[in-house]
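# Breakdown of the fold
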Amino acid sequence: MKPSPATVPDTATFRFGVTGMNCASCVGRVEKALAQVPGVLSASVNLATETATVATDGSVSAAALAAAVDKAGYGVAVEEISMAILGMSCASCVGRVEKALARVPGVQSASVNLATETARVQVLPGTPREALAEAVSAAGYDTAPVAGEGVGAPTHAAGQDPSNAADTVATPASPQAMAAQRERRHLIIAALLSLPLVLPMLAMPFGEHWALPGWWQFALATPVQFWLGARFYRAGWKAVKARTGNMDLLVALGTSAGYGLSVWHLLFTRPHHGEPPLYFEASAVIITLILMGKWLEARAKRQTTEAIRALQALRPVTARVRHASGQEAEVPVAQVRVGDLVVVLPGERFPVDGTVLEGRSHADESLVSGESLPVAKEAGDRVTGGAVNAEGRLVVRTTAVGAESVLARIIRLVEDAQAKKAPIQRIVDRVSAVFVPVVVLIALATLFGWGLGSGDWTGATLNAVAVLVIACPCALGLATPTAIMAGTGVAARAGILIKDVEALETTRTLRIVAFDKTGTLTEGKPELLALRAVQGDDVALLRHAAALQQGSEHPLARAVVAAAAQAGPLPSPAGAITALQGRGIEGRIDGARWVLGSGRLMQELGVERGKWAAEGEAEAANGRSVSWLASEAGRGFRLEGLLAFGDPPREEAKEAIAALQAQGLRTVMVSGDNRGAALAVARALGIADQDVRAEVLPADKAEVVRELAREGRVAMVGDGVNDAPALAAADVGFAMGGGTDVAMHAAGVTLMRSDPRLVADAIDVSRRTTRKIHQNLFWAFVYNVVGIPLAAAGLLNPVVAGAAMALSSVSVVSNTLLLRRWSPRARH
């Protein structure tokens with residue numbers, strides 16, 4: 001959509017960073033690509049500063065320029081700005097704010113979330129925040145900084161119930177908190193003023209006629225209409241000025257019609273006896289009911305964000321730092337640097353990520369990783385900021401603070417997932433854009449249809465009022481984002497981080513789950529169980545293997561080094577070490593080449609194994625991983641012996657496989673190990689022999705995933721480091737065991753602890769969340785599709801219509817809140 005002249009100057013100049021350029025020809029390509037965009041007057045690119053300056057006629061958007069640069073094969077540097085949007089009431093407001101922000105020069109994209117009342121705007125560097133705020137203001141809304149942005153949340157004392165932490169995050173001084181207090185106060189006043197008006201109506205079925213005099217009704221209804229209902233007039237007027245409509249406009253029109261009709265009868269109608277027909281109670285009660293609905297809705301929305309706010313509340317604001325002199329001082333967490341020594345007392349939260357240097361204790365990581373049991377911590381163990389230190393005094397060396405901490409990355413991932421829109425929400429947004437104008441037209445048709453058809457203009461007006469007040473675009477706007485917030489929130493508290501809405505939607509449609517074996521289905525801590533030296537000297541065999549493996553982080557290497565250390569002093573490391581990806585390792589010992597690796601490597605090198613091959617097969621049949629050691633002999637290699645390792649399955653793995661199969665999913669195991677060892681683990685866990693892929697090189701795991709994808713949507717579960725290509729190739733990647741950078745980038749879902757049962761839990765919460773979205777949208781559409789025709793047909797009293805409208809949003813959000821009752825299988 002092109003910007004309107006009212007909001008964009010005749011010419012606009014964009015300056016932004018361009019990434020990926022390395023020579024003068026790159027400059028020419030980018031300048032040519034930008035110049036071809038319609039509306040661009042000139043384009044100049046500076047290779048030294050890697051910036052582009054583009055002059056336009058004012059009709060070009062930042063997104064169009066970014067698309068041109070991207071098409072040329074380069075990237076555009078962008079920034080993301082978050083801001084709170086105050087005053088939104090329904091889905092049509094969302095569309096209005098997004099369009100207003102998109103028209104600001106420099107904005108690439110804008111996404112507004114009605115449930116969180118926030119906007120996330122991607123802009124070119126240098127785009128002024130003031131321009132964004134002015135655009136939102138021109139659309140009829142106000143802005144504020146996102147609550148808690150850049151400010152540490154309060155620390156909770158030891159023993160405080162963390163489930164109540166969310167209630168303490170928002171301070172009374174925040175705009176949202178002040179608005180909540182004001183809404184509550186206005187609701188109470190409106191209820192007190194409306195009660196005398198509605199009591200006579202409630203008493204009529206019992207033969208009691210307590211109607212108040214007309215002027216008393218006028219006195220009670222007027223402040224409700226024009227003081228407590230002023231918010232609807234203000235927001236409705238802003239919508240009219242912006243040439244659009246929203247829920248507030250419908251309420252203002254409907255209640256004004258009922259109030260105005262009553263004033264007309266009060267002033268100009270003179271019945272033969274008694275009072276003229278008045279409808280003050282209808283307009284007053286409708287406003288009161290809608291105020292009540294908005295208050296209940298706001299409370300429910302705050303509950304949907306409880307999980308993320310509880311995570312934010314885990315961040316302490318101070319840390320006790322030990323200086324080189326040995327003195328300890330309490331400083332703001334923002335002043336702590338990597339490498340600093342931090343002292344954590346019993347009952348305190350760890351203020352930083354780090355490694356324990358001194359002390360022994362347990363850490364409660366339940367709100368960070370979802371682990372329900374305290375985890376033992378001693379020297380050398382890692383701790384996570386936000387976890388609670390139990391009984392011991394610990395000294396921790398800082399490894400990460402601020403935005404780089406695990407907790408900060410968890411919060412960022414969850415917030416990103418909650419901020420993004422599901423594909424189905426974009427359809428709802430398009431419906432909402434035309435919803436209000438269509439309802440106004442239906443109300444006018446109802447007015448004139450009843451008025452001209454029956455001659456009863458009073459009844460016609462009341463029917464039109466009912467049409468206006470039963471229409472509920474807010475339920476449509478809340479149906480999807482509240483469900484996504486609740487689903488991703490409860491998942492995060494269970495240690496399941498869902499990267500985006502696409503991953504959430506895709507997870508429910510999975511048909512196959514492929515697991516890496518080592519470290520995923522097994523403990524990942526293999527032990528050396530057997531040695532077979534060709535020359536009979538097992539000690540020498542072990543020492544040569546340890547010389548090759550020192551310095552390697554591979555689990556089998558650690559097992560060899562640990563066994564050698566128990567047998568005596570470690571040998572000197574081998575020289576000229578070379579890793580043979582997926583096959584083994586090579587190095588030089590006493591000038592000769594030695595290799596340690598798989599049977600495949602022995603075949604490639606032409607090593608004759610003879611009778612020892614049967615020994616290896618026997619070990620593999622017992623479920624052991626076998627490595628072979630060979631040394632240089634003449635022009636080839638000579639077999640020196642074999643090493644057999646055992647890596648037992650995780651205790652939870654069998655339950656995890658059974659849970660997935662109970663969900664109707666096929667489970668597959670992918671391993672680089674020999675087939676015998678892989679089959680032994682698979683059979684112990686309940687995975688069918690035909691679903692075992694053994695002796696697969698790391699580089700080939702992605703191809704295995706692509707082959708499985710021909711049979712249905714595939715998930716890959718791995719550690720997020722060695723399995724990154726396979727995680728990226730899968731429809732959904734599950735990175736298990738700790739939230740590393742590689743895991744969070746390659747996988748759609750990150751499991752914060754090494755428990756394979758979390759995979760089934762993630763699929764379960766995905767299915768439940770998607771089901772809630774569909775249920776919410778069904779009820780939101782039913783309210784309108786059924787309610788509006790009933791109102792137009794004269795079958796709904798305006799007060800009943802107002803109550804239905806108020807309760808529609810509340811029922812949608814309340815249905816969403818049922819997701820909070822979900823609990824993961826992995827805690828049982």
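A quick note: this is a predicted structure, and the numbers were derived from the prediction, not measured. (Residues numbered from 1 in each chain as written. Predicted model: local features only at pLDDT ≥ 70, side-chain atom pairs only at ≥ 80, totals over all residues. Heavy atoms only, no water.)

## With respect to the pairing of strand 1 (residues 12–19)
The cut-off we apply is this: Pairing between two strands is assigned when DSSP locates at least 2 bridges connecting them. Every helix listed is a DSSP run of H or I at least four residues long, and every strand listed is a run of E at least two residues long, numbered separately from the N terminus.
Of the pairings in the sheet, the one linking strand 1 to strand 3 (residues 51–56) comprises six bridges and is antiparallel in character. Paired with Phe16 across the bridge in strand 3 is Ala52. As judged from the two bridges shared by strand 1 and strand 4 (residues 75–76), these two strands associate in the antiparallel manner. Its bridge partner lying in strand 4, Val18 is registered against Val76.

## Observations regarding the sheet that holds strand 8 (residues 142–144)
Heads up, the rule is: All axes are obtained by fitting lines to C-alpha atoms, using only the stretch in contact for helices, and the reported angles, taken between N-to-C directions, cover 0 to 180 degrees. Any two residues whose heavy atoms approach within 4.5 Å are treated as being in contact.
One open sheet accounts for four strands, arranged 6-7-5-8; its pairing is antiparallel. The open sheet has two free edges, formed respectively by strand 6 (107–113) and strand 8, since each of these has just one partner strand. Taking the axes of each pair of neighbouring strands and ignoring which way they run, one obtains an average angle of 30 degrees across the sheet. On the sheet, helix 4 (residues 129–138) packs against strand 5 (79–86), strand 6, strand 7 (118–123) and strand 8 and is oriented at approximately 35 degrees with respect to strand 5.

## Observations concerning the sheet that holds strand 13 (residues 361–364)
Strand order in the open sheet formed by three strands is 14-13-16, and the pairing between neighbours is antiparallel. Sheet topology places strand 14 (375–377) and strand 16 (388–389) at the edges, where each strand pairs with a single neighbour.

## Describing the side chain of Lys772
The following threshold applies: Throughout this description, buried means an accessible area under 20% of the type-specific maximum (1.4 Å probe, protein chains only), exposed means over 50%, and partly exposed covers the range between. For the charge count, each Lys or Arg is scored as positive and each Asp or Glu as negative, with His and the chain ends excluded. Whenever a carboxyl oxygen of Asp or Glu lies within 4 Å of a side-chain nitrogen of Lys or Arg, that contact is scored as a salt bridge.
Among the structural elements, Lys772 can be located in helix 27 (residues 757–792). One buried charged side chain, Lys772, makes no salt bridge at all; its nearest oppositely charged neighbour is Asp764, positioned 12 Å away. Contact partners of Lys772, with chain neighbours within four places excluded, come to Ala483, Asn815, Leu818 and Leu819.

## Structural notes on a positive patch on the surface
Rules: Patches in this entry comprise residues that are over 30% relatively accessible and not in a salt bridge; like charges within 9 Å are linked, as are nonpolar side chains (Val, Leu, Ile, Met, Phe, Trp, Tyr) within 5 Å. Accessibility throughout is a Shrake-Rupley quantity obtained with a 1.4 Å probe, and a residue counts as covered only by protein chains that appear here. We put the charge of a Lys on NZ, of an Arg on CZ, of an Asp on CG and of a Glu on CD.
Judged by side-chain charge, Arg182, Arg185, Arg234, Lys238 and Lys241 come together as a positively charged surface patch. When contributions to the positive patch are tallied by element, the ones reaching two or more residues are helix 5 (175–203) and helix 7 (230–241). Broken down by element, the positive patch gets its largest block of residues, three residues, from helix 7. Checked against the element boundaries, Lys238 lands in helix 7.

## Here we look at the packing of aromatic side chains
Which entries qualify depends on this criterion: Pairing of aromatic rings covers Phe, Tyr and Trp, the last counted by its six-membered ring, and requires centre-to-centre distances within 6.5 Å; plane angles under 30 degrees mean stacked, over 60 mean edge-to-face, and any other angle means tilted.
Under the definition given, this model contains eight aromatic pairs. For the pair Tyr259 and Phe280, a centre-to-centre distance of 5.5 Å together with 70 degrees between the ring planes defines the contact as edge-to-face. Of this pair, Tyr259 sits in helix 8 (residues 247–268) while Phe280 is found in helix 9 (residues 280–304), placing the two residues 21 residues apart along the sequence. Take Phe280: its relative accessible area is 0%, and that puts it in the buried class.

## Some points on the UniProt feature "transmembrane region" (unreviewed entry) in the chain
Where we set the bar: UniProt positions are given in the numbering used here, feature names are shortened, and annotations may be inferred rather than shown by experiment.
Under the UniProt annotation, "transmembrane region" (unreviewed entry) lies at residues 186–203, 215–233, 245–266, 278–296, 431–452, 464–486, 777–796 and 802–819. The annotated region residues 278–296 carries 89% helix and 0% strand content, and the separation between its end C-alpha atoms amounts to 30 Å. Helix and strand shares over residues 802–819 are 89% and 0% respectively, and the end C-alpha atoms of the span are 28 Å apart.

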